[in-house]
Number of protein chains: 2
Amino acid sequence: MNLNIALLPGDGIGPEVLNQAVKCLQAVEETFNHTFVYKEAPVGAIAIDKTGNPLPDKTLQLCKDADAVLFGSIGDPKYDNDPKAKVRPEQGLLKLRKELGLYTNVRPVKVFPTLIGKSPLKEEIISGTDFTIYRELTGGIYFGEKKLNEEGTIASDLCEYSEKEISRIAHLAFKAAKNRRNKLTLVDKANVLESSRLWRKVVTKIGESYPEVELDFLFVDNAAMQVILNPNQFDVVLTENLFGDIISDEASVIGGSIGLLASASIGDENALFEPIHGSYPQAKGKDIANPVASILSAAMLLEHFQLFEEAMAIREAVDKALQKGIVTPDLDEKSNFGTNHVGDFIADNIVDND
Amino acid sequence: MNLNIALLPGDGIGPEVLNQAVKCLQAVEETFNHTFVYKEAPVGAIAIDKTGNPLPDKTLQLCKDADAVLFGSIGDPKYDNDPKAKVRPEQGLLKLRKELGLYTNVRPVKVFPTLIGKSPLKEEIISGTDFTIYRELTGGIYFGEKKLNEEGTIASDLCEYSEKEISRIAHLAFKAAKNRRNKLTLVDKANVLESSRLWRKVVTKIGESYPEVELDFLFVDNAAMQVILNPNQFDVVLTENLFGDIISDEASVIGGSIGLLASASIGDENALFEPIHGSYPQAKGKDIANPVASILSAAMLLEHFQLFEEAMAIREAVDKALQKGIVTPDLDEKSNFGTNHVGDFIADNIVDND
Ligand SMILES: [Mg+2]
Ligand SMILES: [Mg+2]
C-alpha cells in the first residue's frame, strides 16, 4: 500500500517520540512491502515561533493532502503560562481537528499485563481490561451557542446534536465492535436530556443494520462507576463529546500507565493519530520520554487503513519490549534505557509472523 | 433542642432501615436531652397504591411543616418495569426536592478502615479518604430548556446558571470547608463553557469572604481522574448539577461499600436526609438490609442543626459496630446479624463522651 503521511512533531518531547513511531513505520514498510511517504511540518509553539501562527497554512495544506497525520504533542510553558498570550499552541490542534473534519475521537483502554501493578485499581478488577471509547468530537455543548447576559449574572451553554452528527460516528463505532467482541455500549443521560434521547433513538435504529452487535445503554453517572467497578464489561463505548471527555479521561488512568495510551481522531476524509500524553517540556531532549504511546498511535494509523497484520506486528514488538523490560524510566525507575533505544528495540522486533 | 422530623419510609427496605435511624435518634434524645417529634407519611410506590399520587398533598404539607425530612428509599418493580406506568415512585422524590427548594446535594465520601478491603482501589490510594461533595441540584442542564425539532432530527438541552443559584450553594460549601480542613475545590469546565466561567467568577468572589479556605479549581475531566488517582487531595468539592451527578456517583464506589453512604439535600427552609442506596425490593422484610447508611443520614440531620457531639456519638457507635463485626451480611457474608440487631447495637452504644 502507498500512504502519504504528514508528520507534525510539535513541541516538547513530540519530535523525539514521533521519530520512534516513524522508525517503526519504516520497519513495517520493509517487512510488509509498503511505501509510505513522510512529509513534515511545524505546529504548535514551534510554529508560533517561526510564523506567528500555531497552524500555518502550509501545515494545514500538507495535512489535507496527506492520507493521514501522525502527531507528536503540543504546548510550551513560554505560551501556556503567559496570560497575555494571544495565540496559544493548543489552538493549532483544535483548528486542525476542525479543518480536517475529525468528528470522532477513538481512545483504546488496555491494560498491559506487565504493568498491571501500576494501576490504582486492584489487579482482580483491572486484569484483562480491553475496550475502546468512541467520543463525538465536534458537536455538543463544547461547540453550542454560549451566552452571557449584559450584567454578567446569567450564563448558558447549549448542547445540540443532529441525527447526522450522531449517525456518522455510530456507524464507525458499530464497525469497530464488529471487528472486536461485538458489543457496543451507548453512554448517555436519556432519562433527563432530550439530546441523549435523540442519541438513543438514532443509535438504536442504526443498530438494526448490525444485528451481530449487542447494543446496551448506560447512564453516564452509572458509567463513571462501572469504569472502576467492572471495566471488563466494556468492548466499544460510544458517547457524546462532554461525556466522552470525562469517561475517556477517567478510563485513561485505570491502566496505570498514561504514557502508553494512543488515540485517533477520524473524519470522512482524513485522520490524525497521536499519543494522549502532553508535550512534557521538562523531559525535552533528554532521551527519557516514553515513545510507546506514539508508536502505538502509528499502529492505530495502520489499522485505520485495514493493515491489521502490520499493526499487530508493532503491538507484539511493544509487548516484547515491555516483557523484557526494555522500557524508559517512567515505567521502571531502575531502567537505563532511553527513548531511542526503546524505539530501536521495537522497530528491530517488527516481524511478519506469516 | 426541639425538632419536628417528618419520616418518609417509602418502599422496599426503606421502612426497616429508617426504623433503625429513628432508634438512634431516640437514643440521642435520651442521652443528650433533646425532644424530637416524629410524624410519618407515605411516599413513592406505597403512596401510589394508597392515593394514586407518589407525593400526596398531605405528605408534602407534613414535610413543609417539619424542620427536616428523614427519607427511606423509593421504587418498586411493579411500576419501574411497566413502560406504560403514568406515575412513577421516583417522581415523588423529585417533586419533593423541588417543592422544598432543596438546591444543594451533600454527599460525604469516607472510607471506613475496617472495610478498606472492599474498595476497588488499592489500599495505599484510598486509605484516609474523607471528603464531601456539594452538588447543585435544581439548576443546570437537567432543568434547562429542552427542544426537539418537528422532524425529530435535532435535539438540544440548555445549561443555564445564574449568579444567585451559584452563590447560595457556594456559601454552604465554604462554610462546610471551614468546619473541615479549609479546602474547597471547584470542579468545572471553565476552559470551554460560559456557565463554568460564571461559576468560577462567582465562587472566586465569594471566596474572598472566606480567607481561611484555600480555593482551587479542577476541570471535570481531570477531576474524574483525580478521584481515582489521589482521592486524599479533596476536602470539599463544589460543582454544578451534571458534573456533580457524575463525580459523586464515581466517588460513591471508591470506598467499596455503597450501603454505608448517606446524603443530604438542603434548601433555605428545609432539608432532607437519606441513604444513597435504592429500595432494594428483593431484600424487603427479610431483616438483611444494611441500616448504616440510613443511620448515618440521621447523623447528617443532627449536624445540619449544629448538633455535632450528638452526630459524633452516632458515628462512633457505627464505627464500633463495624470494628466488632456487628454488620449485615452484605459487609460480611459470614455474619448472621440482621437489620434490627445492627440497629439495636448502634442505638445502644450511643453515649455522651463528655
Ligand atoms: Mg479531557
Ligand atoms: Mg446519579
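Residues numbered from 1 in each chain as written. Chains lettered and ligands numbered in written order. Predicted model: local features only at pLDDT ≥ 70, side-chain atom pairs only at ≥ 80, totals over all residues. Heavy atoms only, no water.

Each pair of aromatic rings is reported with the distance of its centres and the angle of its planes. All names here are of chain A. Counted under the stated rule, the structure contains six aromatic pairs over all chains. Seen in terms of ring centroids, Tyr 161 and Trp 199 are 5.2 Å apart; in terms of plane orientation they differ by 80 degrees. Their pairing is edge-to-face. Taken as a pair, Tyr 161 in strand β7 (residues 154–162) and Trp 199 in helix α8 (residues 194–207) lie far apart in primary sequence, 38 residues in all. The residues Tyr 161 and Trp 199 share a single accessibility class, namely buried. Taking NZ or CZ as reference, Arg 168 lies 4.0 Å from the ring centre of Tyr 103, over its face. (Phe/Tyr/Trp six-rings, centres within 6.5 Å; stacked < 30°, edge-to-face > 60°. Helix = DSSP H or I, 4+ residues; strand = E, 2+ residues; numbered from the N terminus. Buried < 20%, exposed > 50% of the residue type's maximum accessible area, 1.4 Å probe, protein only. Lys NZ or Arg CZ within 6 Å of the ring centre and 35° of its normal.)

Moving on: the coordination of the magnesium ion (ligand 2). For the magnesium ion (ligand 2), every protein donor is listed as Asp221(A) (OD), Asp245(B) (OD) and Asp249(B) (OD), and the spread of their distances is 2.1 to 2.2 Å. With Asp221(A) in helix α9 (residues 220–229) and Asp245(B) in helix α10 (residues 241–254), this residue pair bridges two chains. Exposure class is identical for Asp221(A) and Asp245(B). Each is buried. (Donors = N, O, S within 2.8 Å, 3.2 Å for Na, K, Ca; no water.)

For the pair of chain copies, the relating operation is a rotation around an axis with a shift along it. Expressed as a screw operation, the relation of chain A to chain B combines 0.0 Å of axial shift with a rotation of 180 degrees, fitting to an RMSD of 0.0 Å. Here the symmetry operator amounts to a two-fold rotation axis. A shared interface surface links the copies, since 100% of the contact residues of chain A are contact residues in chain B too. (Least-squares fit on C-alpha atoms with pLDDT ≥ 70 in both. Contact = heavy atoms within 4.5 Å.)

Time to look at the sheet that holds strand β3 (residues 68–73) of chain B. All names here are of chain B. Within the open sheet, the 10 strands sit side by side as β2-β1-β3-β12-β11-β4-β5-β10-β8-β9. Their pairing is mixed. At either margin of the open sheet sits one strand with a lone partner, and together these are β2 (35–40) and β9 (214–219). Across the sheet, the mean angle separating the axes of adjacent strands is 25 degrees when strand polarity is ignored. Bridge count between strand β1 (residues 2–10) and β3: five bridges; the pairing is parallel. (Pairing = 2+ DSSP bridges. Axes fitted to C-alpha atoms, helices over the stretch in contact; angles between N-to-C directions.)

Here we come to the coordination of the magnesium ion (ligand 1). Protein coordination at the magnesium ion (ligand 1): the donors are Asp245(A) (OD), Asp249(A) (OD) and Asp221(B) (OD), at 2.1 to 2.2 Å from the metal. Residue Asp245(A) and its partner Asp249(A) are located together in helix α10 (residues 241–254), separated by four residues, close to a single helical turn. Considered together, Asp245(A) and Asp249(A) belong to a single accessibility category, that of buried residues.

Residues and elements named next belong to chain B. By the criterion of burial, β3 is predominantly enclosed, with six of the six residues buried. Sheet topology places β3 next to strand β12 (residues 271–275); two bridges connect them, and they run parallel. Counterpart to Val 69 in the pairing with β12 is Leu 272.

Looking now at the nonpolar core. Among soluble globular proteins, nonpolar side chains are generally buried collectively. Of all hydrophobic cores here, the largest spans 200 residues; its most connected members are Leu238(A), Ile346(A), Leu238(B) and Ile346(B). Ignoring sequence-local partners within four residues, the contact set of Ile346(A) consists of Cys24(A), Val292(A), Ile295(A), Ile314(A), Ala317(A), Val318(A) and Ala321(A). (Core = buried A, V, L, I, M, F, W, Y, C linked by side-chain atoms within 4.5 Å.)

Turning our attention to the side chain of Lys122(B). Relative to the elements of secondary structure, Lys122(B) occurs in the loop between β4 (104–110) and α6 (123–126). Buried charged residue Lys122(B) carries no salt bridge. Nearest counter-charge: Glu124(B), at 5.3 Å. The residues touching Lys122(B), leaving out its near neighbours within four places in the chain, are Ile116(A), Gly117(A), Lys118(A), Ser119(A), Pro120(A), Leu121(A) and Lys122(A). (Lys, Arg positive; Asp, Glu negative; His and termini not counted. Salt bridge = Lys/Arg side-chain N within 4 Å of Asp/Glu carboxyl O.)

Another aspect to go through is unusual backbone geometry. Residue and element names in this part refer to chain B. In this structure, Asn 33 takes a positive phi of about 60 degrees despite not being glycine. For Asn 33, the location among the structural elements is in the loop between α1 (14–32) and β2. Backbone geometry at Gln 306 places phi at a positive 65 degrees, although glycine is not the residue there. Overall, Gln 306 belongs to the exposed group, its relative accessible area being 54%.

This part is about the sheet that holds β7(A). Pairing is antiparallel across the open sheet formed by four strands, whose spatial order is β6(A)-β7(A)-β7(B)-β6(B). This sheet does not close on itself; its edge strands, each paired only once, are β6 (146–148) of chain A together with β6 (146–148) of chain B. This sheet shows a mean twist of 15 degrees between the axes of neighbouring strands, independent of strand direction.

Our focus in this paragraph is the packing of helix α1 (residues 14–32) of chain A against helix α13 (residues 339–348) of chain A. All names here are of chain A. For the pair α1 and α13, interaxial distance at closest approach is 9 Å and the crossing angle is 15 degrees. With respect to their mutual orientation, α1 and α13 come out roughly parallel. Every pair of crossing elements has a handedness; the one defined by α1 and α13 is right-handed. Residues Glu 16, Gln 20, Lys 23, Cys 24 and Ala 27 of α1 form the contact with α13, whose participating residues are Thr 339, Asn 340, Gly 343, Asp 344, Ile 346 and Ala 347. When the residues that make up the contact of α1 with α13 are grouped by side-chain class, the tally is four nonpolar, four polar and three charged. (Parallel < 35°, antiparallel > 145°, perpendicular 65-115°, else oblique. Left-handed = near helix turned anticlockwise from the far one by under 90°. Nonpolar A, V, L, I, M, F, W, Y, C, P; charged D, E, K, R; others polar.)

Turning to the domain arrangement of chain A, a few remarks are in order. Residues and elements named next belong to chain A. When cut into domains, chain A gives domain 1 (1–103 + 267–354) and domain 2 (109–257). Between domain 1 and domain 2, the contact holds 12 residues from the first and 14 residues from the second. Carbon and sulfur atoms make up 71% of the surface buried where domain 1 meets domain 2, a total of about 1,100 Å² over both sides. Looking only at domain 1, the three residues that lose the most surface to domain 2 are Tyr 103, Leu 322 and Leu 331, adding up to 56% of its buried area. Applying the counting criterion to the domain 1 and domain 2 interface returns zero salt bridges. Broken down by element, the side of domain 1 that touches domain 2 gets its largest block of residues, five residues, from helix α12 (residues 308–324). A per-class count over the side of domain 1 that touches domain 2 returns eight nonpolar, one polar and three charged. (Domains from an automatic or database assignment. Buried area = accessible area lost by both parts, 1.4 Å probe.)

What follows concerns the interface of chain A and chain B. The parts lose accessible area when they come together, and the size of an interface is often stated as this lost area. Taken together, the contact pairs 48 residues of chain A with 48 residues of chain B. Between chain A and chain B lies a buried interface of about 4,100 Å² when both sides are counted; carbon and sulfur atoms form 68% of it. Applying the counting rule to chain A against chain B returns two salt bridges. Linking Lys189(B) and Asp245(A) is a salt bridge whose minimum nitrogen-to-oxygen distance equals 2.9 Å. Linking chain A with chain B are 20 residue pairs in polar contact (both at pLDDT 80 or more), by the criterion used here. Mapped by element, the contributors of at least two residues to the side of chain A that touches chain B are β6, β7, α8, α9 and α10 of chain A. (Polar contact = N/O pair within 3.5 Å; in protein donor to acceptor, adjacent residues only side chain to side chain.)

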